[in-house]
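One letter stands for each residue in the lines below.
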Amino acid sequence: MDQPGLTTDETGRTHCTWRTAAPEYPHYHDCEWGVPVADDIQLYEKICLEGFQAGMAWITILRKREQFRAAFEGFDFRRVAQYGEADIERLMQDPGIVRNRAKIVSTLNNARRACELVEETGSLARWLWAFEPADDERPALVDMAYWTGNPTSPASERLSKALKKRGWTFVGPTTMYALMQAMGMVNDHLEGCYCRPRIETLRRQFKRP
């Protein structure tokens, strides 16, 4: 019998149940979610998309991701930092993305903050990965009880506070915990999911920036 949050498919593989909730999810679950990321542009993209997701279902954002990438020039934050009011109006007319003015303005603001952070510290990745939680902050078992009971973590609260202090927006602790899951800073594939051991291996092999 499957544990809560886990499903065993016809091949006998057990995985996080959400993997099969939409056609786009198997690839995202298997190949992206939890894989460690050290590329600054990819990390800026993840921060922005998690911000756009606030109050919405992640599948909505995932389905629009390619349109988001086209609209924001591949999330090259150095280019997005140059955007002005005309770009905001252009983006507000783009049906391929989420046309929320506050979130679009936040994306531009955060691009400028990313430029400042990189100029100051040399790397967005290096700065973000410094917030990786220590082992003693992580649960002994990642199961549905942990998932449902912990939409944030002490590390995500520290990261959120530090980003807000630097002027970033749409970076609340819940959003930052989702970022930490997505970028591989934590491995929240449920215990028993066939991806969990592979992600653990990738995290062990990953060279922190």
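The shown structure was predicted, so the numbers you read here are calculated from the model rather than taken from an experiment. (Residues numbered from 1 in each chain as written. Predicted model: local features only at pLDDT ≥ 70, side-chain atom pairs only at ≥ 80, totals over all residues. Heavy atoms only, no water.)

Before going further, it helps to spend a moment on the overall build of the protein. Within the protein, the secondary structure is distributed over 12 helices and two strands. Starting at the N terminus, the α and β elements of the protein follow one another as β-β-α-α-α-α-α-α-α-α-α-α-α-α. Its C-alpha atoms give the protein a radius of gyration of 17 Å, within 12% of the compact-globule value 17 Å for 209 residues. Its C-alpha atoms give the protein principal-axis dimensions of roughly 55 × 35 × 30 Å. In the protein, the share of contacts with a sequence separation of at least 24, taken over all contacts with a separation of at least 6, comes to 65%. For the protein, the accessible surface area stands at approximately 10,100 Å², while carbon and sulfur atoms represent 52% of it. Measuring between centres, the 28 positive side-chain charges of the protein sit 3 Å from its 29 negative side-chain charges. (Helix = DSSP H or I, 4+ residues; strand = E, 2+ residues; numbered from the N terminus. Rg over C-alpha atoms; globule rule 2.2 N^0.38 Å. Contact = heavy atoms within 4.5 Å. Areas by Shrake-Rupley, 256 points an atom, 1.4 Å probe, with all protein chains shown as cover. Lys, Arg positive; Asp, Glu negative; His and termini not counted. Charge placed at Lys NZ, Arg CZ, Asp CG, Glu CD.)

Attention now goes to the layout of surface pockets. In this structure, the largest pocket occupies an estimated 550 Å³ of space. Taken together, 19 residues form the lining of the largest pocket, with Trp33, Trp58, Trp147, Ala178 and Gln181 sitting closest to its centre. Those elements giving two or more residues to the lining of the largest pocket turn out to be α1 (25-32), α2 (40-53), α9 (144-149) and α11 (173-182). Residue composition of the lining of the largest pocket, grouped by class: 11 nonpolar, six polar and two charged. Empty space within the second largest pocket amounts to approximately 240 Å³. Lining the second largest pocket are 13 residues; nearest its centre among them are Asp135, Arg138, Arg196, Glu200 and Arg203. Partitioning the lining of the second largest pocket into residue classes produces five nonpolar, one polar and seven charged. (1 Å grid on protein atoms, 1.4 Å probe; cavity = no way out; pocket = protein on both sides within 12 Å on 5 of 7 lines; lining within 4 Å. Points joined across faces, edges and corners; volume = space filled by probe spheres on them. Nonpolar A, V, L, I, M, F, W, Y, C, P; charged D, E, K, R; others polar.)

To continue, consider the UniProt feature "binding site: Zn(2+)" (unreviewed entry) in the protein. The residues that UniProt annotates with the feature "binding site: Zn(2+)" (unreviewed entry) are Cys16, His29, His189 and Cys193. Over a stretch of 178 residues, the named residues converge on one spot in the fold, their C-alpha atoms separated by at most 10.4 Å. Within the fold, Cys16 resides in strand β2 (residues 14-16). Ignoring sequence-local partners within four residues, the contact set of Cys16 consists of Gly5, Leu6, His29, His189, Leu190 and Cys193. Within the fold, His29 resides in helix α1. (UniProt positions renumbered as here; feature names shortened; annotations may be inferred.)

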